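As a plain string of letters, each chain reads:
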Amino acid sequence: MVKVKFPYRWTEMGGIDITFIFTEDGSRVEPISIERSGTGRHGTDVYELSPGTYYVAWFRRSNGHNKPIRVLLKRLIIYDEGLFRVDAIEENELPQPVLVKVRAIYNKLADY
């Protein structure tokens, strides 16, 4: 098992940093712990991952509702020895079930 942490941010000014992790079949991996500041607007999401291949979608937007959301896509491979590999990927490299979910999340966040 490997623990990975990703930043979380959801500000009143429209800033977003939120990460979703998916398996190859499109199932969403839930964090094992969620750490938040006193306001709940900043923090860290902690995941514990078994060996396998995962797809990470990191949604980011600077403060300002009028700014576009950027989506950073990564392929995360966890090996048996606890080692891992991260590759930046393009949307067309996502498995179809993951792509459908990433697009749905993007559309919901774009309306915020």
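The notes below deal with the structure included here. (Residues numbered from 1 in each chain as written. Predicted model: local features only at pLDDT ≥ 70, side-chain atom pairs only at ≥ 80, totals over all residues. Heavy atoms only, no water.)

### Structural notes on the environment of I34
By the element assignment, I34 lies in strand 4 (residues 33-36). A residue is classified by how much of its surface remains accessible, and I34, at 53% relative accessible area, is exposed. Sequence separation between I34 and S50 is 16 residues, and the spatial gap between their C-alpha atoms is 19 Å. If we skip the residues at most four places from it in the chain, I34 touches T44 and D45. (Helix = DSSP H or I, 4+ residues; strand = E, 2+ residues; numbered from the N terminus. Buried < 20%, exposed > 50% of the residue type's maximum accessible area, 1.4 Å probe, protein only. Contact = heavy atoms within 4.5 Å.)

### Notes on the packing of aromatic side chains
Scanning the entire structure with this criterion turns up 2 aromatic pairs. Ring geometry for F20 and F59: centres 5.8 Å apart, planes at 80 degrees, overall edge-to-face. Residue F20 is located in strand 2 (residues 16-23), and its partner F59 is located in strand 6 (residues 52-61); the two are separated by 39 residues in the primary sequence. Each of the two residues, F20 as well as F59, counts as buried. Note that R60 overlies the ring of W58, its terminal NZ or CZ placed 4.7 Å from the centroid. (Phe/Tyr/Trp six-rings, centres within 6.5 Å; stacked < 30°, edge-to-face > 60°. Lys NZ or Arg CZ within 6 Å of the ring centre and 35° of its normal.)

### Examining helix 1 (residues 96-110)
The terminal C-alpha atoms of helix 1, which comprises 15 residues, lie 21 Å apart, in line with the 21 Å expected from a rise of 1.5 Å per residue. Burial in helix 1 covers these residues: V98, L99, V102, I105 and L109. Down the axis of helix 1, the buried side of the element spans an arc of 130 degrees, and every buried residue falls inside it. Facing away from the buried side of helix 1, by more than 90 degrees, are the exposed residues Q96 and K108. Tucked inside the fold, the buried residues of helix 1 contact strand 1 (2-10), strand 2, strand 6 and strand 7 (70-78). (Expected span 1.5 Å × (residues − 1). Arc of directions from axis to C-beta.)

### With respect to the pairing of strand 2
With respect to burial, strand 2 is a largely interior element, 7 of its 8 residues being buried. Across 2 bridges, the pairing between strand 1 and strand 2 is antiparallel. The residue of strand 2 that forms the bridge with W10 is I16. Turn length for the strand 1-strand 2 hairpin, with the two strands adjacent in sequence and antiparallel, is 5 residues, and the turn residue G14 shows positive phi of about 95 degrees. (Pairing = 2+ DSSP bridges.)

### A look at the pattern of salt bridges
What the rule picks out here adds up to 8 salt bridges. In this structure, the salt-bridge partner of R41 is E12, at a minimum N-O distance of 3.2 Å. Of this pair, R41 sits in the loop between strand 4 and strand 5 (42-49) while E12 sits in the loop between strand 1 and strand 2, placing them 29 residues apart in sequence. For R41, a relative accessible area of 27% puts it in the partly exposed group. (Salt bridge = Lys/Arg side-chain N within 4 Å of Asp/Glu carboxyl O.)

### Considerations on the side chain of D87
On the secondary structure map, D87 appears in strand 8 (residues 84-88). Of the polar contacts made by the side chain of D87, one reaches the side chain of R85; its length is 3.0 Å. In this view, D87 contacts L73, K74 and R75; residues no more than four positions away in its chain are not counted. (Polar contact = N/O pair within 3.5 Å; in protein donor to acceptor, adjacent residues only side chain to side chain.)

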